[in-house]
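Residue-level structure breakdown
Here is what each chain is made of, one letter per residue.
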Amino acid sequence: MPTDAITSSRTPTADAALSFPTQSTDGTADGAGQHAEIVEHDLTFGGFRYTCRVARQGRLDTEPIVILGGSSQDRHSWQRHEKWLTPLSSVITIDLPGYGTADFLPAKYGVDFLAAAVRHVVQELRIPRVNLVAACYGGAIGVRFAQHYPHLLARMMLVGMTTVIPADYAVAMERWDGMIRRGETEPIARELADRFMSPPGTGHVRKKAAVARLVYQQIAAQNPEQLRMSAEHNSRLMRHEWYRPEPTPAVPSLVVTGEHDTLTTPAMGRTMAACLPAARFMTIEETDHLAPVERIADFADLMARFCTDRPLEALPYAAEPEVFGAPLPA
């Protein structure tokens, strides 16, 4: 079995990288009482300004971890996971063009452009290879990144990712697009909160009520510029391919879905895993589409285990991994 990365004596992964000038810093305490250094760096790609956030403690037991969140997330959305990850490597989150505090991105720019922007981040930070964790809409960008820039990828973890946008969701997006453009934030916030959460009777979901309130509040509180970006995001989804069946590198891959996810179901996750040359599939127990925030510590543990090649079997919070494709040599 691979050695637990926390006690590993192997040579740390080179990160010559991340030696760019510091622009702003703050501190985030980890579980051991140490502090991660936070660096935010403004970049420009294709004429659009955007920002990446790097949290690090200087230790490198694995390649830097790049996290691409969902369409309603920004570079700060994964801060609560960092205390489990920064003891192992740098954690990089990004407000890509069109999201968070980055420049507005017209809908004519699709997934290919955003995947190229991720490549731009990796190259600007001079990182040889990365661990990529990509959730929901970030999953579409992550897969395209893997397909187009396989030499930059060490491992890939996809969360709530499918090969197709569910048909009913695509229909709903057209209605939501009009609601957003009319400024009807309260009704769409309720609809989206309901859509992301599993319906009553599906199964027990941890923190379901609290997470549903959080989703609703975040959407309902959007300012005019955020609403404009949301409307453009919906247009982007409708105008561009979500998944393209191009060759994908045979790197260690893990597809994860909430046990009770009714938006991107476990069956959809298995279909996604079957498209990858060396993938495993797992469900997180007592969660739905928002598993990363319903079981933060457990989800962070799974990310850490995967990125450091530790065993994924017999975890108290997840089903046993299912193997798709040919297993990679030990």
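Conventions we followed
- Residues numbered from 1 in each chain as written.
- Predicted model: local features only at pLDDT ≥ 70, side-chain atom pairs only at ≥ 80, totals over all residues.
- Heavy atoms only, no water.
- Phe/Tyr/Trp six-rings, centres within 6.5 Å; stacked < 30°, edge-to-face > 60°.
- Helix = DSSP H or I, 4+ residues; strand = E, 2+ residues; numbered from the N terminus.
- Buried < 20%, exposed > 50% of the residue type's maximum accessible area, 1.4 Å probe, protein only.
- Expected span 1.5 Å × (residues − 1).
- Pairing = 2+ DSSP bridges.
- Right-handed = clockwise from strand over helix to strand, strands pointing away.
- Axes fitted to C-alpha atoms, helices over the stretch in contact; angles between N-to-C directions.
- Parallel < 35°, antiparallel > 145°, perpendicular 65-115°, else oblique.
- Left-handed = near helix turned anticlockwise from the far one by under 90°.
- Contact = heavy atoms within 4.5 Å.
- Nonpolar A, V, L, I, M, F, W, Y, C, P; charged D, E, K, R; others polar.
- Salt bridge = Lys/Arg side-chain N within 4 Å of Asp/Glu carboxyl O.

Comments concerning the packing of aromatic side chains
What the rule picks out here adds up to 9 aromatic pairs. Seen from their ring centres, Phe48 and Tyr109 are 5.1 Å apart, and the 80° between their planes marks the pair as edge-to-face. With a gap of 61 residues between them, Phe48 in strand 3 (residues 48-56) and Tyr109 in the loop between strand 5 (91-95) and helix 2 (111-124) connect regions that are remote in the sequence. On the accessibility criterion, Tyr109 (23% relative accessible area) is partly exposed. Chaining the aromatic ring pairs together yields one cluster made of Phe45, Phe48, Tyr109 and Phe113.

Considering unusual backbone geometry
Unusually for a residue other than glycine, Arg126 sits at a positive phi of about 55°. By secondary structure assignment, the location of Arg126 is in the loop between helix 2 and strand 6 (130-135). Here Arg126 falls in the partly exposed class, since its relative accessible area comes to 46%. In this structure, Lys207 takes a positive phi of about 55° despite not being glycine. Locating Lys207 in the fold gives a position in the loop between helix 5 (185-196) and helix 6 (208-220).

A look at helix 10 (residues 296-307)
Under the 1.5 Å per step criterion, the end-to-end length of helix 10 is 16 Å for 12 residues, consistent within 8% with the ideal 16 Å. Looking at helix 10, one finds that the buried residues are Ile296, Phe299, Ala300, Leu302, Met303, Ala304, Phe306 and Cys307.

Some thoughts on the pairing of strand 7 (residues 153-159)
In terms of residue burial, strand 7 counts as a mostly covered element, since 7 of its 7 residues are buried. Pairing of strand 6 with strand 7 involves 6 bridges; the strand directions are parallel. Opposite Val133, over in strand 7, you have Met157 as the bridge partner. In this fold, the crossover linking strand 6 to strand 7 by way of helix 3 (residues 137-148) has right-handed handedness. When strand 7 meets strand 8 (residues 253-258), the two strands line up parallel, connected through 4 bridges.

Focus: the packing of helix 4 (residues 167-181) against helix 7 (residues 224-239)
Interhelical geometry of helix 4 versus helix 7 gives an angle of 155° and a closest axis separation of 9 Å. With respect to helix 7, the element helix 4 is oriented roughly antiparallel. Note that helix 4 runs across helix 7; the crossing there is left-handed. Across the interface between the two elements, Met173, Glu174, Trp176, Asp177, Ile180 and Arg181 of helix 4 pack against Leu227, Ser230, Ala231, Glu232, Asn234, Ser235, Leu237 and Met238 of helix 7. In the contact of helix 4 with helix 7, the residues fall into 7 nonpolar, 3 polar and 4 charged.

Section: the pattern of salt bridges
Inspection of every chain in the model, using the stated rule, returns 20 salt bridges. Residues Glu286 and Arg206 are paired through a salt bridge, measuring 2.6 Å at the closest nitrogen-oxygen approach. One end of the pair, Glu286, is in the loop between strand 9 (278-284) and helix 9 (291-294); the other, Arg206, is in the loop between helix 5 and helix 6, with 80 residues separating them in the sequence. Classification of Glu286 as partly exposed rests on a relative accessible area of 27%. A salt bridge links Arg295 to Asp298, with the nearest nitrogen and oxygen atoms 2.9 Å apart. Here Arg295 falls in the buried class, since its relative accessible area comes to 7%. Here the residues in one salt-bridge network are Asp112, Arg144, Glu241, Arg244 and Glu246, joined through shared partners.

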